[in-house]
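Reading the structure
What follows is each chain in one-letter form.
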Amino acid sequence: QVQLVESGGGSVQAGESLRLSCAASGYTWSYNCMAWFRQAPGKERERVAAITTGSGITRYTDDVKGRFTISRDNAKNTVYLQMNSLKPEDTGMYYCAAGTLGGFSITCDIKYWGQGTQVTVAS
């Protein structure tokens, strides 16, 4: 089993920045990719960013490309999401997740989820 604990959420004004952290513990060898998802009220959950733990290859949804950066510190079993130039539409619950690479190493098939941390961006 893997436990994921997020931190760093909060309320900010548009244009400001936040850094989310996700610390993993337990059987940390059981996953090889990590990701951040978000879900706004009334909308479906979407994957914001993902990273492979081995090579550090990253992927971003178009909505956040150029503004958000995902990174990892394998020694600390921690993944980060640096969010700059935040917009009101970035508001939502952000979830850390860990999983294994799927077919053709394109997807990160999630096995473990964190509890979520709220991000609110005021206009």
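Notes on the structure follow. Per chain, the residues get numbers from 1 upward, laid out in the order the sequence is written. Restriction of local features to residues with pLDDT of at least 70 applies here, the model being predicted, together with a cutoff of 80 or more for giving and counting side-chain atom pairs; totals for whole chains, interfaces and linings are based on all residues. Note that the side-chain values use all heavy atoms of the structure and ignore hydrogens as well as water.

Digging into the side chain of Arg-67
Put simply, the test is: We count a stretch as a helix when DSSP gives it H or I for four or more residues in a row; a strand needs E for two or more, and each element gets its number in order from the N terminus. Any pair of N or O atoms that falls within 3.5 Å is considered a polar contact. Within protein, one atom must be able to donate a hydrogen and the other to accept it, and sequence-neighbouring residues count only if both atoms are side-chain atoms. Here, residues are in contact when the closest pair of their heavy atoms is within 4.5 Å.
Topologically, Arg-67 is positioned in the loop between β6 (58–60) and β7 (68–73). Of note is the side chain of Arg-67, whose polar atom sits 3.0 Å from the backbone oxygen of Ser-85. The residues contacting Arg-67, other than those within four sequence positions of it, are Gln-82, Met-83, Asn-84, Ser-85, Leu-86, Lys-87 and Asp-90.

Considering the side chain of Thr-78
For clarity, the threshold we go by: Between buried and exposed lies partly exposed: a residue is buried under 20% and exposed over 50% of the maximum accessible area for its type, with that area taken using a 1.4 Å probe on protein chains only.
Position of Thr-78 relative to the elements: it lies in strand β8 (residues 78–83). Classification of Thr-78 by relative accessible area gives buried; the value is 9%. One polar contact links the side chain of Thr-78 to the main-chain carbonyl oxygen of Lys-76, over a distance of 2.9 Å. Non-local contacts of Thr-78, meaning those with residues more than four positions away in its chain, are made with Cys-22, Ala-23, Ser-71, Arg-72 and Asp-73.

A few points about the sheet that holds β8
The following threshold applies: Two strands pair if DSSP finds at least two bridges between them. Axis definition: a line fitted to C-alpha atoms, limited for helices to the stretch in contact. Angles are taken between N-to-C directions and run from 0 to 180 degrees.
In space, the four strands of this open sheet follow the order β1-β3-β8-β7, with antiparallel pairing throughout. One side of each edge strand has no neighbouring strand; the edge strands of this open sheet are β1 (2–7) and β7. Mean inter-strand twist for the sheet, computed between neighbouring axes without regard to direction, equals 15°. In the sheet, β1 pairs with strand β3 (residues 18–26) via six bridges, with the strands oriented antiparallel. Within the sheet, the bridge partner assigned to Leu-4 lies in β3 and is Ala-24.

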